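# Analysis of the macromolecular model
Residue strings, one per chain:
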Amino acid sequence: MEDCQMSGSEKTTFLVTEENPDGWKIEDILTVIQNDMIRRTQKIIGDNRPEARAVLNNNVEILGLLSKCIERATESTQILDKAFGPHKEGEPRIGVA
């Protein structure tokens, strides 16, 4: 996997920006990750080994945190939509270019 650390002037890899109009909204990418985790977690539900139980417990906690993150990201999108209208390609709604 490519190094995910970036300086402030680099283009984003996944998220929508003026340079990356085909990117994802945060809440959308987190939802895809959450759905993948649910599918993967379902496969270990019947495994009663301690290691499987520990992974299951961790996944359940991560899924809960993802739900909170999705809620916050959705809230931010709604704030931006209400204050500035829909995102216009090539223009940031907030911040500096």
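Residues numbered from 1 in each chain as written. Predicted model: local features only at pLDDT ≥ 70, side-chain atom pairs only at ≥ 80, totals over all residues. Heavy atoms only, no water.

Mapped onto the elements, Asp22 comes out in the segment before helix H1 (26–42). Counting along the chain gives 67 residues from Asp22 to Glu89, while the straight-line C-alpha distance between them is 9.4 Å. (Helix = DSSP H or I, 4+ residues; strand = E, 2+ residues; numbered from the N terminus.)

Another point: the side chain of Glu27. Mapped onto the secondary structure, Glu27 falls in helix H1. Here the side chain of Glu27 touches Thr77 through a polar contact of 2.8 Å, side chain to side chain. In contact with Glu27, other than residues within four places in its own chain, are Ile70, Ala73, Thr74 and Thr77. (Polar contact = N/O pair within 3.5 Å; in protein donor to acceptor, adjacent residues only side chain to side chain. Contact = heavy atoms within 4.5 Å.)

So, on to the environment of Ile33. Looking at the element boundaries, Ile33 is found in helix H1. As a C-alpha pair, Ile33 and Leu63 span 30 residues in sequence and 9.3 Å in three-dimensional space.

Turning our eyes to something else, we now look at the packing of H1 against helix H2 (residues 50–84). One can describe the packing of H1 onto H2 by two numbers: an axis separation of 9 Å at closest approach and a directional angle of 160°. It follows that H1 is roughly antiparallel to H2 by the angle criterion. In terms of crossing hand, the pair formed by H1 and H2 is left-handed. Taking contact as the criterion, the partners of Ile26, Glu27, Leu30, Thr31, Ile33, Gln34, Met37, Ile38, Arg40 and Thr41 in H1 are, on H2, Leu56, Asn59, Ile62, Leu63, Leu66, Ser67, Cys69, Ile70, Ala73, Thr74 and Thr77. For the contact of H1 with H2, the per-class residue count stands at 12 nonpolar, seven polar and two charged. (Axes fitted to C-alpha atoms, helices over the stretch in contact; angles between N-to-C directions. Parallel < 35°, antiparallel > 145°, perpendicular 65-115°, else oblique. Left-handed = near helix turned anticlockwise from the far one by under 90°. Nonpolar A, V, L, I, M, F, W, Y, C, P; charged D, E, K, R; others polar.)

In this section: the nonpolar core. In this structure, Ile29, Leu30, Met37, Leu63, Leu66 and Ile70 together form the largest nonpolar core, which totals six residues. Elements with a minimum of two residues in this core: H1 and H2. Setting aside residues no more than four positions away along its own chain, Ile70 makes contact with Glu27, Leu30, Thr31 and Gln34. (Core = buried A, V, L, I, M, F, W, Y, C linked by side-chain atoms within 4.5 Å. Buried < 20%, exposed > 50% of the residue type's maximum accessible area, 1.4 Å probe, protein only.)

Just geometry here; none of it tells us what the structure is for.
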